[in-house]
Amino acid sequence: MTRYLLVGLLALGLSTPVAYAQTTPLPTSYQRPLPVVAIDSITHLITYRGLLPAAGLPQTEVYGRAQEWLARQFEQYDQVVRFADAGRGVLIGQAIVQALGPAQKNLEARRFNLLFRFQLRARAGGLQYELTDLSYPNYPVTSAASDASGGLAADGLAQWQRADDFARISTTAAQNRRQPVEPALRDYDQYTNKGEPKPRMLQQCQGIQDAMTVLVASLGQALAQPLP
(Lines give C-alpha, C1' and ligand atoms only; values in the text may rest on other atoms or scores of the structure.)
Protein backbone atom coordinates (compact mmCIF):
# COMPACT_ATOMS: atom_id res chain seq x y z
CA MET A 1 0.00 0.00 0.00
CA THR A 2 2.86 2.37 0.92
CA ARG A 3 4.46 1.81 -2.48
CA TYR A 4 1.25 2.74 -4.35
CA LEU A 5 0.85 5.84 -2.17
CA LEU A 6 4.44 6.88 -2.95
CA VAL A 7 3.87 6.46 -6.69
CA GLY A 8 0.74 8.58 -6.43
CA LEU A 9 2.54 11.36 -4.59
CA LEU A 10 5.35 11.40 -7.12
CA ALA A 11 2.85 11.59 -9.95
CA LEU A 12 1.34 14.69 -8.32
CA GLY A 13 4.75 16.27 -8.00
CA LEU A 14 4.72 16.04 -4.21
CA SER A 15 7.68 15.02 -2.11
CA THR A 16 7.93 13.43 1.28
CA PRO A 17 10.92 12.38 3.44
CA VAL A 18 10.16 8.77 2.53
CA ALA A 19 10.09 9.53 -1.17
CA TYR A 20 13.32 11.49 -0.98
CA ALA A 21 15.11 8.65 0.79
CA GLN A 22 14.17 6.08 -1.85
CA THR A 23 17.42 4.74 -3.28
CA THR A 24 16.40 1.36 -4.70
CA PRO A 25 15.85 1.72 -8.46
CA LEU A 26 12.45 0.64 -9.67
CA PRO A 27 12.28 -1.39 -12.88
CA THR A 28 11.21 0.85 -15.74
CA SER A 29 11.09 -1.67 -18.58
CA TYR A 30 10.98 -5.37 -19.26
CA GLN A 31 14.33 -7.09 -18.87
CA ARG A 32 14.96 -10.15 -21.01
CA PRO A 33 15.73 -13.21 -18.89
CA LEU A 34 19.26 -14.54 -18.69
CA PRO A 35 19.74 -18.29 -18.19
CA VAL A 36 21.84 -19.98 -15.50
CA VAL A 37 23.26 -16.85 -13.82
CA ALA A 38 22.03 -15.32 -10.55
CA ILE A 39 19.91 -12.19 -11.13
CA ASP A 40 19.11 -9.56 -8.51
CA SER A 41 15.33 -9.12 -8.34
CA ILE A 42 15.59 -5.33 -7.91
CA THR A 43 18.43 -4.27 -10.21
CA HIS A 44 17.96 -7.12 -12.75
CA LEU A 45 21.75 -7.38 -12.89
CA ILE A 46 23.90 -10.45 -12.40
CA THR A 47 24.73 -10.59 -8.70
CA TYR A 48 26.20 -13.26 -6.46
CA ARG A 49 25.73 -12.82 -2.72
CA GLY A 50 25.52 -15.02 0.30
CA LEU A 51 27.02 -16.02 3.64
CA LEU A 52 29.96 -18.42 3.85
CA PRO A 53 30.24 -20.28 7.17
CA ALA A 54 33.39 -20.04 9.26
CA ALA A 55 32.43 -22.10 12.27
CA GLY A 56 34.18 -21.15 15.49
CA LEU A 57 36.27 -18.37 13.97
CA PRO A 58 36.28 -14.85 15.47
CA GLN A 59 35.78 -11.87 13.20
CA THR A 60 39.48 -11.02 13.16
CA GLU A 61 40.39 -14.50 11.92
CA VAL A 62 37.67 -14.46 9.25
CA TYR A 63 38.87 -11.06 8.05
CA GLY A 64 42.48 -12.22 8.00
CA ARG A 65 41.63 -15.35 6.01
CA ALA A 66 39.72 -13.26 3.47
CA GLN A 67 42.81 -11.06 3.07
CA GLU A 68 45.07 -14.08 2.67
CA TRP A 69 42.73 -15.59 0.08
CA LEU A 70 42.74 -12.39 -1.96
CA ALA A 71 46.53 -12.23 -1.78
CA ARG A 72 46.86 -15.82 -3.02
CA GLN A 73 44.11 -15.65 -5.61
CA PHE A 74 45.20 -12.51 -7.46
CA GLU A 75 48.52 -11.22 -8.72
CA GLN A 76 48.73 -7.95 -6.73
CA TYR A 77 46.69 -7.59 -3.55
CA ASP A 78 47.19 -3.82 -3.35
CA GLN A 79 45.77 -3.38 -6.85
CA VAL A 80 42.76 -5.57 -6.16
CA VAL A 81 41.66 -4.26 -2.75
CA ARG A 82 40.47 -0.64 -2.96
CA PHE A 83 39.08 -0.30 0.58
CA ALA A 84 39.94 -2.21 3.74
CA ASP A 85 38.54 -1.59 7.23
CA ALA A 86 39.78 -4.19 9.71
CA GLY A 87 37.68 -2.74 12.54
CA ARG A 88 34.45 -3.28 10.63
CA GLY A 89 35.71 -6.35 8.81
CA VAL A 90 35.08 -4.88 5.34
CA LEU A 91 37.04 -5.48 2.14
CA ILE A 92 35.98 -3.87 -1.16
CA GLY A 93 37.72 -4.07 -4.51
CA GLN A 94 37.66 -5.28 -8.06
CA ALA A 95 39.47 -8.00 -9.95
CA ILE A 96 39.54 -9.99 -13.18
CA VAL A 97 38.98 -13.71 -13.51
CA GLN A 98 39.24 -15.88 -16.61
CA ALA A 99 35.99 -17.60 -17.49
CA LEU A 100 35.52 -20.60 -19.75
CA GLY A 101 32.37 -20.75 -21.84
CA PRO A 102 31.69 -24.44 -22.57
CA ALA A 103 31.15 -25.71 -26.11
CA GLN A 104 27.67 -25.15 -27.52
CA LYS A 105 25.97 -26.04 -30.78
CA ASN A 106 28.37 -25.10 -33.59
CA LEU A 107 30.60 -23.29 -31.06
CA GLU A 108 33.86 -24.41 -29.53
CA ALA A 109 34.68 -23.69 -25.89
CA ARG A 110 35.87 -20.11 -25.44
CA ARG A 111 37.86 -18.34 -22.74
CA PHE A 112 37.17 -14.72 -21.85
CA ASN A 113 38.18 -12.28 -19.13
CA LEU A 114 35.56 -11.12 -16.67
CA LEU A 115 35.93 -8.10 -14.41
CA PHE A 116 33.87 -7.92 -11.21
CA ARG A 117 33.57 -5.95 -7.99
CA PHE A 118 33.48 -7.61 -4.60
CA GLN A 119 32.45 -6.67 -1.11
CA LEU A 120 33.39 -8.95 1.76
CA ARG A 121 32.18 -8.38 5.31
CA ALA A 122 33.65 -10.56 8.05
CA ARG A 123 31.82 -11.42 11.21
CA ALA A 124 32.20 -14.02 13.92
CA GLY A 125 31.43 -17.40 12.39
CA GLY A 126 30.97 -16.29 8.79
CA LEU A 127 31.73 -14.04 5.83
CA GLN A 128 29.15 -12.16 3.80
CA TYR A 129 30.10 -11.78 0.16
CA GLU A 130 28.69 -9.84 -2.77
CA LEU A 131 30.01 -10.01 -6.33
CA THR A 132 28.56 -7.36 -8.66
CA ASP A 133 29.25 -5.15 -11.70
CA LEU A 134 30.31 -8.03 -13.91
CA SER A 135 31.89 -6.58 -17.02
CA TYR A 136 34.10 -7.23 -19.99
CA PRO A 137 37.38 -5.26 -19.69
CA ASN A 138 37.48 -2.50 -22.28
CA TYR A 139 40.76 -1.30 -23.77
CA PRO A 140 40.15 1.81 -25.90
CA VAL A 141 42.01 1.87 -29.20
CA THR A 142 42.29 4.91 -31.46
CA SER A 143 43.17 4.98 -35.13
CA ALA A 144 46.00 7.37 -34.29
CA ALA A 145 47.49 4.91 -31.83
CA SER A 146 47.66 2.21 -34.48
CA ASP A 147 49.26 4.48 -37.11
CA ALA A 148 52.94 5.19 -36.57
CA SER A 149 53.21 7.73 -39.39
CA GLY A 150 53.37 11.48 -38.93
CA GLY A 151 53.76 11.33 -35.16
CA LEU A 152 50.19 10.10 -34.77
CA ALA A 153 51.26 7.22 -32.53
CA ALA A 154 52.34 9.64 -29.79
CA ASP A 155 49.13 11.65 -30.12
CA GLY A 156 47.08 8.48 -29.96
CA LEU A 157 48.92 7.29 -26.86
CA ALA A 158 48.28 10.63 -25.14
CA GLN A 159 44.61 10.46 -26.08
CA TRP A 160 44.33 6.92 -24.70
CA GLN A 161 46.09 7.95 -21.48
CA ARG A 162 43.69 10.86 -20.94
CA ALA A 163 40.69 8.60 -21.44
CA ASP A 164 42.14 6.07 -19.00
CA ASP A 165 42.87 8.75 -16.39
CA PHE A 166 39.35 10.15 -16.68
CA ALA A 167 37.87 6.68 -16.31
CA ARG A 168 39.67 6.22 -12.99
CA ILE A 169 37.76 9.13 -11.41
CA SER A 170 34.44 8.61 -13.18
CA THR A 171 31.20 7.31 -11.81
CA THR A 172 30.17 3.82 -12.82
CA ALA A 173 27.93 5.18 -15.58
CA ALA A 174 30.60 7.52 -16.98
CA GLN A 175 33.61 5.19 -16.98
CA ASN A 176 34.88 3.62 -20.21
CA ARG A 177 37.26 0.97 -18.88
CA ARG A 178 34.72 -1.86 -18.80
CA GLN A 179 31.53 -2.91 -20.54
CA PRO A 180 28.76 -4.35 -18.33
CA VAL A 181 27.80 -7.82 -19.50
CA GLU A 182 24.02 -7.48 -19.16
CA PRO A 183 23.32 -5.10 -22.09
CA ALA A 184 25.45 -7.25 -24.39
CA LEU A 185 23.80 -10.49 -23.26
CA ARG A 186 20.28 -9.03 -23.50
CA ASP A 187 20.76 -7.67 -27.00
CA TYR A 188 18.11 -8.68 -29.53
CA ASP A 189 20.71 -10.57 -31.55
CA GLN A 190 21.27 -12.94 -28.63
CA TYR A 191 17.75 -14.40 -28.92
CA THR A 192 15.94 -16.43 -31.55
CA ASN A 193 12.64 -15.37 -33.12
CA LYS A 194 10.94 -17.46 -30.45
CA GLY A 195 12.68 -15.53 -27.69
CA GLU A 196 15.03 -18.35 -26.78
CA PRO A 197 18.70 -17.65 -26.01
CA LYS A 198 21.17 -18.40 -28.79
CA PRO A 199 24.19 -20.66 -28.19
CA ARG A 200 26.65 -17.75 -27.92
CA MET A 201 24.68 -16.18 -25.07
CA LEU A 202 24.25 -19.54 -23.34
CA GLN A 203 27.99 -20.03 -23.58
CA GLN A 204 28.73 -16.66 -21.99
CA CYS A 205 26.20 -17.14 -19.19
CA GLN A 206 27.48 -20.61 -18.34
CA GLY A 207 31.05 -19.33 -18.33
CA ILE A 208 30.11 -16.51 -15.97
CA GLN A 209 28.21 -18.86 -13.66
CA ASP A 210 31.06 -21.37 -13.51
CA ALA A 211 33.72 -18.71 -12.90
CA MET A 212 31.82 -17.05 -10.07
CA THR A 213 30.79 -20.26 -8.32
CA VAL A 214 34.35 -21.64 -8.48
CA LEU A 215 35.62 -18.38 -6.98
CA VAL A 216 33.10 -18.50 -4.13
CA ALA A 217 33.84 -22.17 -3.48
CA SER A 218 37.55 -21.42 -3.22
CA LEU A 219 36.88 -18.66 -0.68
CA GLY A 220 34.62 -20.99 1.27
CA GLN A 221 37.37 -23.62 1.47
CA ALA A 222 39.77 -21.05 2.90
CA LEU A 223 37.29 -20.24 5.65
CA ALA A 224 36.50 -23.88 6.42
CA GLN A 225 40.04 -24.77 7.54
CA PRO A 226 40.32 -25.35 11.31
CA LEU A 227 42.45 -23.14 13.49
CA PRO A 228 46.06 -24.35 13.81
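Analysis parameters
- Residues numbered from 1 in each chain as written.
- Predicted model: local features only at pLDDT ≥ 70, side-chain atom pairs only at ≥ 80, totals over all residues.
- Heavy atoms only, no water.
- Helix = DSSP H or I, 4+ residues; strand = E, 2+ residues; numbered from the N terminus.
- Buried < 20%, exposed > 50% of the residue type's maximum accessible area, 1.4 Å probe, protein only.
- Contact = heavy atoms within 4.5 Å.
- Areas by Shrake-Rupley, 256 points an atom, 1.4 Å probe, with all protein chains shown as cover.
- Salt bridge = Lys/Arg side-chain N within 4 Å of Asp/Glu carboxyl O.
- Expected span 1.5 Å × (residues − 1).
- Arc of directions from axis to C-beta.
- Pairing = 2+ DSSP bridges.
- Core = buried A, V, L, I, M, F, W, Y, C linked by side-chain atoms within 4.5 Å.
- Phe/Tyr/Trp six-rings, centres within 6.5 Å; stacked < 30°, edge-to-face > 60°.
- Lys NZ or Arg CZ within 6 Å of the ring centre and 35° of its normal.
- Polar contact = N/O pair within 3.5 Å; in protein donor to acceptor, adjacent residues only side chain to side chain.

Colleague: An account of the overall build of the protein is requested, with residue identities and associated values reported.
Modeller: A tally of helices and strands in the protein yields seven helices and six strands. Its helices and strands in sequence order give the protein the pattern α-α-β-α-α-β-β-β-β-α-β-α-α, from N to C terminus. A burial count over the protein gives 32% of its 228 residues as buried. Taking as baseline every contact in the protein between residues at least 6 positions apart, the subset at least 24 positions apart corresponds to 59%. Accessible surface computed for the protein: about 14,300 Å², of which carbon and sulfur atoms make up 55%.

Colleague: Report on the pattern of salt bridges, specifying residues and quantitative values.
Modeller: Applying the stated criterion to the full structure yields seven salt bridges. Linking Arg49 and Glu130 is a salt bridge whose minimum nitrogen-to-oxygen distance equals 2.9 Å. Of the two residues, Arg49 is situated in strand S1 (residues 48-53) and Glu130 in strand S5 (residues 126-137); the sequence distance between them amounts to 81 residues. By relative accessible area, which is 26% here, Glu130 ends up partly exposed. Put simply, Glu68 and Arg72 hold a salt bridge, and the shortest N to O gap is 3.9 Å. Of the two residues, Glu68 and Arg72 both sit in helix H3 (residues 59-73), four residues apart, roughly one turn of that helix. Residue Glu68 is classed as partly exposed on the basis of its relative accessible area of 46%.

Colleague: Give a detailed account of H3, specifying residues and quantitative values.
Modeller: Taking 1.5 Å per residue as the helical rise, H3 with its 15 residues ought to reach 21 Å, and the 21 Å between its terminal C-alpha atoms agrees with that figure. By the burial criterion, the buried members of H3 are Val62, Tyr63, Arg65, Ala66, Trp69 and Leu70. What you see down the axis of H3 is that its buried residues fit within an arc of 160°, all on one side. Of the exposed residues in H3, the ones pointing more than 90 degrees away from its buried face are Thr60 and Arg72.

Colleague: I'd love a proper account of the pairing of strand S3 (residues 90-101), names of residues and values included.
Modeller: Two elements, strand S2 (residues 81-85) and S3, share four bridges in a ladder whose sense is antiparallel. Bridged to Val81 within S3 is Gly93. Relative to strand S4 (residues 110-123), S3 runs antiparallel, the two being bridged by twelve bridges. When the sheet's bridge partners are listed, Gly93 is paired in S4 with Phe118.

Colleague: Mind laying out the nonpolar core, listing which residues take part and the relevant values?
Modeller: If you look at the biggest cluster of nonpolar residues, it comprises 43 residues, and the most contacted ones within it are Phe116, Ile208 and Met212. In this structure, Phe116 is in contact with Phe74, Gly93, Gln94, Ala95, Ile96, Val97, Leu131, Thr132, Asp133, Leu134, Met212 and Leu215, ignoring residues within four places of it in sequence.

Colleague: Requested: an account of the packing of aromatic side chains, with residues and values cited.
Modeller: Taken as a whole and judged by the stated rule, the model has four aromatic pairs. Summarising the aromatic geometry, the rings of Trp69 and Phe74 are spaced 6.1 Å apart at their centres and angled 90° between planes, so their arrangement reads as edge-to-face. Grouping residues by exposure puts Trp69 and Phe74 together as buried. Following the ring pairs from residue to residue traces out a cluster consisting of Trp69, Phe74, Phe116 and Phe118. Of note, Arg32 hangs over the ring of Tyr188, and the distance from its end group to the ring centre comes to 3.7 Å.

Colleague: Quick rundown of the environment of Ile96? Include the residues and the values.
Modeller: By the secondary structure assignment, Ile96 is in strand S3. Each C-alpha atom of the pair Ile96 and Leu115 lies 4.3 Å from the other, and the pair is 19 residues apart in sequence.

Colleague: A description of the side chain of Gln209 should follow, citing residues and the corresponding values.
Modeller: Position of Gln209 relative to the elements: it lies in helix H7 (residues 199-224). Using a relative accessible area of 18% as the deciding quantity, one classes Gln209 as buried. One polar contact links Gln209 to Tyr48, side chain to side chain, over a distance of 2.6 Å. Not counting chain neighbours up to four residues away, the residues in contact with Gln209 comprise Val36, Val37, Ala38 and Tyr48.

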